[in-house]
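The primary structure of each chain is shown beneath.
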Amino acid sequence: METREKKRGDRFDGYWLRDEVPAMNQFMGYLLPNRADNEAFIRQEIDLRPMDAFLAKKNAGLEKDKYSYFHVILAACVKCFVLRPRMNRFISGNRVYERDHISVAFVVKKHFADSSEEGLAYKHYGGDDTIDTLHTSILEEIYQCRRDDVKDNSSDFMDKLVRLPHWMLKIVVNILFFLDHRGKVPFDLIKADPNYASIFLTNLGSIGLQSGYHHLNNWGTNSFFCVIGKKHLAPEWHEDGSYTVRPVIGLGLTVDERIGDGYYYSGTVRLLKKLMENPELLEQPFSTPVEY
């Protein structure tokens, strides 16, 4: 990520794009101030045959800590954000910002049981990372999240808040939203909050569900949500009208339409598909250019 000196009006997590975005994009922050009112939904189906071959090669000889679809998809998303930095923008307090980092968040089920608690995983990545460094760091984070004696700051803070009287809780929440719009929420409260991540992923395929779409939130800064579905078979049609079946996985992407136009999002989805169907590209540093 490009680093530059922070100025008045910048946030702890990003730079205010004063004159670096068209007037229409700046005006959208005032005309349509709520992120949840500006959701755009994109569905993408990924051919798994190249990914299966790649994973077989990566996992050869590994008895545990194997690479998975999740690692490939997550690495592809991060590389997209490195190569297409406008994806890493957000609108808060009517202003357009660009993050000074790329962060990834996802929910980790401590145990596969209805009564089990969830942990929040939160990691930072950059242009020097590869799928291998990402794979190692994700495994470490998951092991940490699944420890019963560990609770992330956000969950711990919410546990305390819900014990307040109803009227007091409403006041505290209003104050938090006031601070959120100005980038002034205490960092210790949100450093592991997935709603402040560049990329928020959920893997419904791991619990046997097809992909859907997740809403964005007015709290925080997250402007990109990716839902991963389970592996299934889909027809592949040929020019003569015949078809064969192939393994695919569905992705449901939710984006804030105010931070990019359709053409920019189209290019991002095209790159995302290219990376997932050519996963060997993810073994190079994420900053390595890709033709798509």
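Throughout what follows, the structure given in this document is the object of discussion. (Residues numbered from 1 in each chain as written. Predicted model: local features only at pLDDT ≥ 70, side-chain atom pairs only at ≥ 80, totals over all residues. Heavy atoms only, no water.)

### Things to note about the sheet that holds strand S3 (residues 89-92)
Here is the rule we go by: Should DSSP find at least two bridges between two strands, the strands are taken to pair. Elements are defined by DSSP. Helices are runs of H or I of four residues or more, strands are runs of E of two residues or more, and each kind is numbered from the N terminus. An axis is simply a line fitted to the C-alpha atoms; with a helix, the fit covers only the stretch in contact. Between two such axes, the angle follows the N-to-C directions and lies from 0 to 180 degrees.
Strand order in the open sheet made by the 3 strands is S1-S4-S3, with antiparallel pairing throughout. Because the sheet does not close on itself, it has two edges, and the strands there are strand S1 (14-16) and S3. With direction set aside, neighbouring strand axes in the sheet form an average angle of 35°. Two strands pair when backbone bridges link them, and S3 and strand S4 (residues 95-99) are joined in this way by 4 bridges, in the antiparallel orientation. In the strand pairing of S4, Arg-89 is matched with Glu-98.

### Re helix H8 (residues 262-276)
Working note: α-helix, 3.6 residues per turn, so residues spaced by three or four point in the same direction. The condition that has to hold: In a helix, the anticipated span is given by 1.5 Å times the number of residues less one. Type-normalised accessible area, obtained with a 1.4 Å probe on protein chains alone, sets the label of each residue: buried when under 20%, exposed when over 50%, and partly exposed for intermediate values. Any two residues whose heavy atoms approach within 4.5 Å are treated as being in contact.
The terminal C-alpha atoms of H8 lie 21 Å apart, and with 15 residues this matches the ideal 21 Å at 1.5 Å per residue to within 8%. Listed in full, the buried residues belonging to H8 are Tyr-264, Tyr-265, Gly-267, Thr-268, Val-269, Leu-271, Leu-272, Leu-275 and Met-276. Check the buried side of H8 and you find it contacts strand S2 (39-47), helix H2 (49-59), helix H3 (69-83) and strand S9 (243-256).

### Considerations on the pairing of S3
Burial along S3 is two-sided: the residues Arg-89 and Ile-91 and Phe-90 and Ser-92 are all buried. Between the end of S3 and the start of S4, which pair antiparallel, lie 2 residues, with Gly-93 showing a positive phi angle near 60°.

### Some words on the packing of aromatic side chains
What counts, and what does not: The rule is short: rings of Phe, Tyr and Trp, with Trp giving its six-membered ring, pair when the centres are within 6.5 Å, and they are stacked under 30 degrees, edge-to-face over 60, tilted in between. Lysine NZ or arginine CZ positioned within 6 Å of the ring centre and within 35 degrees of the ring normal marks a charge as sitting over the ring.
For the structure on display, the rule yields 9 aromatic pairs. Between Phe-81 and Phe-224 the ring centres are 5.3 Å apart and the planes differ by 70°, which places this aromatic pair in the edge-to-face class. One end of the pair, Phe-81, is in helix H3; the other, Phe-224, is in strand S8 (residues 224-237), and 143 residues separate them in sequence. A relative accessible area of 4% means that Phe-224 is categorised as buried. Judged by centre distance (5.4 Å) and plane angle (80°), the ring pair of Phe-177 and Trp-219 falls under edge-to-face. Highlighted residues: Phe-177 in helix H6 (residues 166-181) and Trp-219 in the loop between strand S7 (199-203) and S8, separated in sequence by 42 residues. The class of Phe-177 is partly exposed, set by a relative accessible area of 29%. The exposure class assigned to Trp-219 is buried, which follows from its relative accessible area of 18%. Put simply, the rings of Phe-177, Tyr-196 and Trp-219 pair up and form one aromatic cluster. Its guanidinium or amino end placed over the ring of Tyr-15, Lys-6 lies 5.3 Å from that ring's centre, counting from NZ or CZ.

### Considering the environment of Gly-183
Along the polypeptide, Gly-183 turns up in the loop between H6 and helix H7 (187-190). Along the sequence, Gly-183 and Asn-38 sit 145 residues apart, while their C-alpha atoms lie 20 Å from each other. Residues contacting Gly-183, with those up to four places away along its chain left out, are Arg-11 and Phe-12.

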